[in-house]
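Coordinate analysis (summary)
Spelled out from the first residue to the last, the chains are:
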Amino acid sequence: MENVQLTNFFSNTVNFFKAFFETKRRFQTQSSFCRLNRAYADKASANPSFVSPYSLINDSIIIKDGIISGCLINSENNLEFIFELYILEIGAVRIRINEKNPLKPRYDKVKDWALVQDPLITLEYNQIPSKAGVTSFSFGKEKNQTISIYHSPFRVEFLVDDIPTIILNDRGFLNFEHLRDEESNTESPSETNQSSSKNSVQNVGTSGDKLDPKLNGPGSIGLDISFPGYSHVYGIPQHASSLSLKETRGGTGAYSDPYRLYNLDIFGYAIDSPQALYGSIPFMMAHRKGASAAILWLNASETWVDVTKCRENKNNLFGLFNSGKSINSTSTHWFSESGIVDVFFFLGKSSSEIFHQYGLLTGFTSLPQYFGISYHQCRWNYLDQKDVAEVDEGFDRHDIPYDVLWLDIEHTDGKRYFTWDIDKFPDPEKMQKDLMNKGRKMVTIIDPHIKRDEDYYVYKEASDLDLFVKKSSGSVYDGICWPGSSSWIDFTNPLAQEWWSKKFAFDQYKGSTEGLFTWNDMNEPSVFDSPELTMPKDLIHHGGWEHRDLHNIYGFAYHKASTQGLINRTEPPRRPFVLSRAFFVGSQRYGPIWTGDNVASWDYLAISTPMLLTIGISGLPFSGADVGGFSGDPKPELLVRWYQAGAFQPFFRGHADRKTKRREPWLFGDPYTSYIRDIIKERYSLLPLWYTLLYEASTTGMPIIRPMFVVCPDDEKVYEMDDQFFVGNSLLVKPIVEEGQTSTEVYFSGNEIYYDYFTFEQIRGSNKIRIKAPLNKIPVFLRGGSIIPKRQKIRNCSSAMHLDPFTLVIALNENNEATGSLYLDDGETYDYEKGYFVHRQFEFSAGKLASTSLSSFDNDKNIYAKLINSVHVEQIIILGFDMKPSRIIAHCTADSDFELQFDLKCFGTLSGINTSDVLVIKGSNLSITEDWTIEFLK
Ligand code: NOJ
């Protein structure tokens, strides 16, 4: 057991380091390779006669087995590079560029971590005749997509219906710094701007004022990628910034630094900034009317992205537009510290096509246990077993549902993960079982830094197995983190992956049960006594790779190993739940993420929306922000507004720093507690919708919460909008993020019908309408044309509601039509993979409502369908129903026809808002697993 004084000493030391490096960070400048690539771009842009020195040697182009390859040469130093282009079965295109004869292999293992498999090549493309010096191919289902490779200067154009959509090396910023030894360390053109061309380059910004020894000189790669005709690009999380990316080299509201992708622990991060945060996904999407395009820059080293927009005359822009007004095109410039160029290009008519292709490449989000989408209660820290019991009991006493109680680092024995402080938590198994008896779960935190203590079994085993990250000298790296002196498991080592995953076995993680799940924190990794609070770049990983090559993979690899641990601990396996702070391309396969240490203030509440929307469209849909704000004490109004916003975000967890006052929802008294209770209950009533959307994300790649441009792709007015969004395609949400605000303007796109979610009042688009939003109300609207499944009866936690009946809310559009779906399974196991799930389609049209199965699996063999065959749709609410039926008859396959009781309500007129006719069918008793149709007779 740790003695208290020692713990305090470490805490104070840790705080000292954090404060010291936080202060230092504020003076950080761009990394040397960032300045160098930017300077190269400046030089190229400033010189009208500049031509990229890279060209494809004409007769080097070979087309074999679907791979188009060639040899690129840099005319300034005659260095050669291998160029490869693959047209992939998933519809995307991949381009790889690597040194032909590198001094030593460059890091090319990102694909092995990030992609689900080596993507398959298609032979379904045609070479098309082109002029000399250009090689062209057509591809895609309709063969309307073209790639034109210009040999000299090297440039690649992607065209859809002959319109350029993405251009690579458009501005000639391709810059591939070759590795070199001491003797051959000559300057490449890009390096002429560097203060030093020696092998040991001062890497200001990533190593503070310390020398970052780069043994083989600078080895950065840079490339520009343009999106002609696209005014908006999105993605490249994680930044506390807007959804539509801002310019970074001049322009309105521009940033002066590029967007940085380098996983870092940033406490109380700056808002409206391109500063790097905890996770990195180098995926960018561009969208315009009728077309979307995207790229994935597959590189895990420190990466920066410049964004510039240029105005072009519409008449001149490839004949795309016929009016004379100018529009923007967007150009981006990407540069990474090391590795190779490995870029994927996605083209589609809509963003949904791209989400699907991207999901096929990097994996769809894994379906979590059902409790994952419920409400989670966390704090640093719940003090002891008694505290846990009291908090748990508090939720019941105050009639507030919740599913999971979380324990932060103080529950351990001196920050030795997989252990318990037995003075405070003498019987962890009983504690978990008490929660489980009520249908609830527990999560404990497990961090990747391992206390250097020979008596700590995890440290000892990892030491004996030689699984720690090393210094370049070969000795084990040590640094400071929560436990004091620590070492870090090298999760890029396959042995470490296997060994770590075994730590979650019940006989190894003593005191753990099936009701215990995991929280992975500090995995950027966070190191308190190192520059930028992370690992030095010259540390050595498995295979001899430097940390600089794979920095952004570290937290991902850790998340992966932990997830595997939870899968392995039971036979048959159950679905894991592991929350991670750091993330990378493909993290969606392992579990949700959250946005780290935010602050209890209105602007952090506001920024959570664009942050989560951005993460969602970048392939990682299951994410959330600490409700209430991690640090600082929210006033009750802010807390209520935060719960209201959080209830409409995918991962919904209240969390608070240890220095904050307690803030369990009942501590604020009424009306605040009631408002929080109401919105948490509303979340529980909508869990069937959230789960259905998670299922959809796990099969199609569609984000769960969707930016306006995804749902209304043809409405240019919404392309920049990021203060309102959709849950799926059906709920329009506008969180209130300003103090004292009691009304807000909501934009309703299209000439569509919307209905107030709470009052059913009808609203017609298309414009901004001021909507009342007193403190007990978040503006939420049902979009006409949608059907959502709900449960009206709310119980203490989600597992208690599995056999409860459903309500369908049908919001009719102007054609009196609506559709929706419902996905259900046991919420725990992998049995759904065998077909044991229920997936229904609801369709209202031509005066009939039908429920049909979206699963081809036979109900008689479907164990889950049998389990819930007593579950019914007990209530159907139809909004905007202008017919007054005399009778409503249900036709069921299993039963003979029967008549349904109903009630017609008409809402009073409100100024500026139309009334809505509502028909309510109660006690309908229609099976959720069987097909049926309801007919409305005049
Ligand atoms: C940092 C995390 O971001 C925060 O959520 C957590 O409470 C602390 N580490 C302590 O574990």
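Just above sits the structure.
Summary of the structure given here. Every chain is numbered on its own, with residues counted from 1 as its sequence reads. With pLDDT at 70 or above as the cut-off, local features in this predicted model cover only qualifying residues; side-chain atom pairs require 80 or more to be listed or tallied, and sums for whole chains, interfaces and linings still use all residues. With hydrogens and water set aside, each side-chain value is computed from the structure's full complement of heavy atoms.

Focus: the environment of Gly654
One can find Gly654 in strand E32 (residues 652-654). We call a residue buried when its accessible area falls under 20% of the maximum for its residue type, exposed when it is over 50%, and partly exposed in between, using a 1.4 Å probe and counting protein chains only. Using a relative accessible area of 4% as the deciding quantity, one classes Gly654 as buried. Each C-alpha atom of the pair Gly654 and Leu639 lies 9.8 Å from the other, and the pair is 15 residues apart in sequence. Contacts are assigned to residue pairs with any non-hydrogen atoms lying within 4.5 Å of each other. Aside from chain neighbours lying at most four places away, what touches Gly654 is Tyr375, His376, Gln377, Cys378 and Val627. Helix and strand definitions follow DSSP, with helices as H or I runs of at least four residues and strands as E runs of at least two, each counted in order from the N terminus.

Points about the sheet that holds strand E35 (residues 731-733)
The strands that make up a sheet pair up through hydrogen bonds in the backbone, lying either parallel or antiparallel. Pairing in this open sheet of six strands is antiparallel, and the strands run E33-E34-E35-E40-E37-E38 from one edge to the other. A strand with exactly one partner marks an edge of an open sheet, and here the two such strands are strand E33 (705-707) and strand E38 (762-764). For this sheet, the mean inter-axis angle between neighbouring strands, taken without regard to orientation, is 35°. For two strands to count as paired, DSSP must find a minimum of two bridges between them. Relative to strand E34 (residues 725-727), E33 runs antiparallel, the two sharing three bridges. Paired with Pro707 across the strands is Phe725, a residue of E34. Each of E33 and E34 is contacted by helix H11 (residues 602-617), which is oriented at about 95° to E33, the strand it contacts most. The axes are straight lines fitted to the C-alpha atoms, using for helices just the contacting stretch, and the angles between their N-to-C directions are given from 0 to 180°.

Topic: the sheet that holds strand E25 (residues 449-451)
The three strands are arranged E25-E27-E26 in an open sheet whose pairing can be described as antiparallel. Since the sheet does not close on itself, it has two edges, and those belong to E25 and strand E26 (479-481), each with one partner. Going across the sheet, the axis of each strand differs from the next one's by a mean of 60°, ignoring polarity. In this structure, E26 lies alongside strand E27 (residues 484-488), joined through three bridges in antiparallel fashion.

Remarks on the packing of helix H8 (residues 494-502) against helix H10 (residues 554-568)
The packing of two helices is summarised by the inter-axis angle and the distance between the axes. Where H8 meets H10, the closest approach of the two axes is 7 Å, and the angle between their N-to-C directions is 45°. On the basis of the axis angle, H8 is oblique to H10. Of the two elements, H8 crosses H10, and the hand of that crossing is right-handed. Between H8 and H10, the residues in contact are Gln497, Trp500 and Ser501 and Ala557, Tyr558, Lys560, Ala561, Ser562, Gln564, Gly565 and Asn568, respectively. Amino acids outside the nonpolar list (Ala, Val, Leu, Ile, Met, Phe, Trp, Tyr, Cys, Pro) and the charged list (Asp, Glu, Lys, Arg) are all regarded as polar, and Gly is one of them. Here the contact of H8 with H10 is composed, by residue class, of four nonpolar, six polar and one charged. For classification purposes, angles smaller than 35 degrees are called roughly parallel, those larger than 145 roughly antiparallel, those between 65 and 115 roughly perpendicular, and all remaining angles oblique. When the near helix sits turned anticlockwise from the far one by under a right angle, the crossing is termed left-handed; a clockwise turn instead gives a right-handed crossing.

Some remarks on the packing of aromatic side chains
A pair of aromatic rings is counted whenever rings of Phe, Tyr or Trp (Trp by its six-membered ring) have centres within 6.5 Å, and the orientation is called stacked for planes under 30 degrees apart, edge-to-face for over 60 and tilted otherwise. Enumeration over the complete set of coordinates arrives at 65 aromatic pairs. Seen from their ring centres, Phe227 and Tyr230 are 6.4 Å apart, and the 85° between their planes marks the pair as edge-to-face. The same class applies to Phe227 and to Tyr230, which are both buried. Ring plane angle 80° and centroid distance 5.1 Å describe the contact between Phe418 and Phe504, whose orientation is recorded as edge-to-face. Here Phe504 lies in the loop between H8 and strand E28 (516-520) and Phe418 lies in the loop between strand E23 (404-407) and helix H6 (428-437), a separation of 86 residues in the sequence. By relative accessible area, Phe418 is classed as buried at 3%. Here Phe504 falls in the buried class, since its relative accessible area comes to 1%. Counting every residue linked through ring pairs, the aromatic cluster contains Phe418, Trp420, Phe425, Phe491, Trp499, Trp500, Phe504, Tyr509, Tyr554 and Tyr558.

Notes on the site of the ligand
Inspection of the region around the ligand gives 13 residues, with Asp408, Asp521, Arg581, Asp597 and His655 positioned closest. For the shell around the ligand, a count of residues per class yields eight nonpolar, one polar and four charged. One heavy atom suffices: a residue is near a molecule or strand as soon as one of its heavy atoms comes within 4 Å of it.

Focus: helix H14 (residues 687-700)
Each residue after the first adds 1.5 Å to the expected span of a helix. Spanning 14 residues, H14 covers 20 Å between terminal C-alpha atoms, matching the ideal 20 Å at 1.5 Å per step. Most of H14 is tucked away, with 11 of its 14 residues classed as buried. Within H14 the residues assigned to the buried category are Leu687, Pro688, Leu689, Trp690, Tyr691, Thr692, Leu693, Leu694, Tyr695, Ala697 and Ser698. One or two steps after H14, the chain reaches Gly701, where phi turns positive at roughly 85°.

Concerning the nonpolar core
What is meant by a nonpolar core is a set of buried Ala, Val, Leu, Ile, Met, Phe, Trp, Tyr and Cys residues, joined one to another through side-chain atoms within 4.5 Å. Core analysis: the largest hydrophobic core is formed by 219 residues, its most contacted members being Trp500, Phe648, Leu731 and Phe936. Top contributing element to this core by residue count: H11, with nine residues. Apart from residues lying up to four places away in sequence, Phe648 is in contact with Ile679, Arg683, Leu686, Trp690, Ile705, Phe725, Val727, Leu731, Val733, Ile778 and Val780. By size, the runner-up hydrophobic cluster in this structure holds 48 residues, among which are Phe154, Ala291, Ile295 and Val307.

Examining the pairing of E23
The side-chain alternation of E23 yields two buried faces, one formed by Val404 and Trp406 and the other by Leu405 and Leu407. Viewed with both strands pointing away, a crossover whose connecting path from the first strand over the helix to the second turns clockwise is right-handed. Chirality of the crossover, the property in question, places the unit of strand E22 (residues 375-377), helix H5 (residues 385-397) and E23 among those that are right-handed. Sheet topology places E23 next to strand E24 (residues 441-446); four bridges connect them, and they run parallel. Bridge pairing in E24 links Leu405 to Met442. What joins E23 to E24 is H6, and the crossover it makes is right-handed.

Remarks on the pattern of salt bridges
Here, a salt bridge means any Lys or Arg side-chain nitrogen found within 4 Å of an Asp or Glu carboxyl oxygen. Scanning the entire structure with this criterion turns up 59 salt bridges. Put simply, Lys100 and Glu80 hold a salt bridge, and the shortest N to O gap is 3.1 Å. You can see Lys100 sitting in the loop between strand E5 (93-99) and helix H3 (110-114) and its partner Glu80 sitting in strand E4 (residues 79-87), a full 20 residues away along the chain. The shortest N-O distance in the salt bridge between Glu461 and Lys503 comes to 2.6 Å. Placement of Glu461 in helix H7 (residues 457-464) and of Lys503 in the loop between H8 and E28 is noted, with a sequence separation of 42 residues between them. One salt-bridge network, in which partners are shared between bridges, spans Glu84, Arg94, Arg96, Asp108, Lys111, Asp112, Asp118 and Asp342.

Quick notes on helix H2 (residues 32-46)
For H2, with 15 residues, the first-to-last C-alpha span of 21 Å sits near the 21 Å given by 1.5 Å per residue. Buried within H2 are the following residues: Ser32, Phe33, Cys34, Leu36, Asn37, Arg38, Ala39, Tyr40, Ala41 and Ala44.

As for the packing of helix H13 (residues 672-685) against H14
Between H13 and H14, the least distance of the axes is 4 Å, while the angle of their chain directions is 55°. Judged by the inter-axis angle, H13 sits oblique to H14. Where H13 abuts H14, its residues Arg683, Tyr684 and Ser685 lie against Leu687, Pro688 and Trp690. Of the residues contributing to the contact of H13 with H14, the split by class is four nonpolar, one polar and one charged.

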